[in-house]
Amino acid sequence: MSLLPGRLERVERYFAAAPLPDARIESVGGLDVPIGGPTWPYPARPRPGEPVTADDVRAAVALQEAAGLPVAVEWICEDAPTVEAAVRAAGLTVGSSPLLVAVDPVELLLPSGVRLYLVGADDPELPRYERLASIAFAHPGPRSEADGASVGVAFGSPRTAVLRERIATGRTVMMVAVEDGEPVAVGTHHPVDVGGAEVTEIAGVATLPRLRGRGLGAGLASALTAHARETAELVFLVAGDDDVARVYERTGFARLATVGVADLSATD
């Protein structure tokens, strides 16, 4: 499938613009390091076309640690092919994730009895939806009987307050799937104005472990994509791995590039 030119550049511009409302940008060598609150951190990223050295990475790590932020560097491998060597030389461990864009969205139906809702900023159930995502990402992989069979009662956190503000200002759109009165899957997209055109990233699509394999995640992702495309010129996502990427390919996404990720705990 042929992808239109310019999409990768717009994704790069999205990544550069997304932190601006929340963080100040410190530049160290060829890296930009967003310094903001720890409840919604952003990784350091290379500026397009500029070389990145191991000393740049070490300086970025020092800034993140001093600010109480997680150590993280991310880059698009096709645009910054030398960054991997620099982060490895600085002692970070490296992984990679597929980057996909919506090119031919497919409308997938959710299982009978499952309903979708857009989450409002004042929704009292928001902490439950956050707990659902936490349970799901703590237990990746196929269907399991992991702890947290139901979401149960959850209390707000500092991140909940930030999320409410983002939903209220339109910087985050959250959608939840509910079955028999219980939240079973959740996902978000995050619109950003990029040069007068909206670009948005789908993220955090999560299904309760015991309910996987029923098409909940794919159906929710399909609905999120349809909602995003009502206003966004470009919809993209970064998949956790190749298996997750294949799920999204079935919903009309196509691979565009690879995102490199480096931190202090990832494994090669």
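Owing to the predicted nature of the structure, the values given are computational and were not obtained by experimental measurement. (Residues numbered from 1 in each chain as written. Predicted model: local features only at pLDDT ≥ 70, side-chain atom pairs only at ≥ 80, totals over all residues. Heavy atoms only, no water.)

1. Quick word on the overall build of the protein
Link 1 in the chain: For the protein, the helix and strand inventory stands at 7 helices and 11 strands.
Link 2 in the chain: Taking the contacts inside the protein whose residues are at least 6 apart along the sequence as the reference set, 70% of them involve residues at least 24 apart.
Link 3 in the chain: A total accessible area of about 12600 Å² is found for the protein, and carbon and sulfur atoms account for 53% of it. (Helix = DSSP H or I, 4+ residues; strand = E, 2+ residues; numbered from the N terminus. Contact = heavy atoms within 4.5 Å. Areas by Shrake-Rupley, 256 points an atom, 1.4 Å probe, with all protein chains shown as cover.)

2. Side note on the sheet that holds strand S1 (residues 23-28)
Link 1 in the chain: Pairing in this open sheet of 3 strands is antiparallel, and the strands run S1-S2-S3 from one edge to the other. This sheet does not close on itself; its edge strands, each paired only once, are S1 and strand S3 (45-46).
Link 2 in the chain: With respect to the sheet, helix H2 (residues 54-66) is in contact with S1 and strand S2 (31-36), its orientation differing from that of S2 by roughly 0°. (Pairing = 2+ DSSP bridges. Axes fitted to C-alpha atoms, helices over the stretch in contact; angles between N-to-C directions.)

3. Side note on the side chain of Glu130
Link 1 in the chain: Here Glu130 shows up in helix H4 (residues 126-138).
Link 2 in the chain: For the buried Glu130, no salt bridge exists, and the shortest N-O distance to an oppositely charged side chain is 4.1 Å, to Arg159.
Link 3 in the chain: In contact with Glu130, other than residues within four places in its own chain, are Ser157, Arg159, Thr160 and Leu163. (Buried < 20%, exposed > 50% of the residue type's maximum accessible area, 1.4 Å probe, protein only. Lys, Arg positive; Asp, Glu negative; His and termini not counted. Salt bridge = Lys/Arg side-chain N within 4 Å of Asp/Glu carboxyl O.)

4. Digging into the side chain of Ser222
Link 1 in the chain: Tracing the sequence through the fold places Ser222 in helix H6 (residues 216-228).
Link 2 in the chain: Classification of Ser222 by relative accessible area gives buried; the value is 7%.
Link 3 in the chain: With residues up to four places along the chain from it excluded, the contact list for Ser222 reads Val106, Glu107 and Leu108.

5. Quick notes on the nonpolar core
Link 1 in the chain: Ranked by size, the top nonpolar core spans 32 residues in total, and within it Tyr14, Leu99, Met174 and Phe236 carry the most contacts.
Link 2 in the chain: With 6 residues, H4 is the largest single contributor of residues to this core.
Link 3 in the chain: Ignoring any residue separated from it by four or fewer positions in sequence, one finds Leu99 in contact with Val11, Phe15, Ile76, Phe236, Leu237, Val238, Ala254, Arg255, Leu256, Ala257, Thr258 and Val259. (Core = buried A, V, L, I, M, F, W, Y, C linked by side-chain atoms within 4.5 Å.)

6. A look at the pattern of salt bridges
Link 1 in the chain: Within this structure, the stated rule accounts for 15 salt bridges.
Link 2 in the chain: The partner of Asp32 in a salt bridge is Arg47, with the nearest N and O atoms 2.6 Å apart. A residue pair is termed long-range when its members are at least 10 positions apart, and Asp32 in strand S2 and Arg47 in the loop between S3 and H2 qualify at 15 residues.
Link 3 in the chain: For Asp32, a relative accessible area of 22% translates into the label partly exposed.
Link 4 in the chain: Arg255 is the salt-bridge partner of Asp242, the closest N and O atoms lying 3.0 Å from each other. Of this pair, Asp242 sits in helix H7 (residues 242-249) while Arg255 sits in strand S11 (residues 253-263), and the two are 13 residues apart along the sequence.
Link 5 in the chain: A relative accessible area of 40% means that Asp242 is categorised as partly exposed.
Link 6 in the chain: Here Arg255 falls in the partly exposed class, since its relative accessible area comes to 35%.

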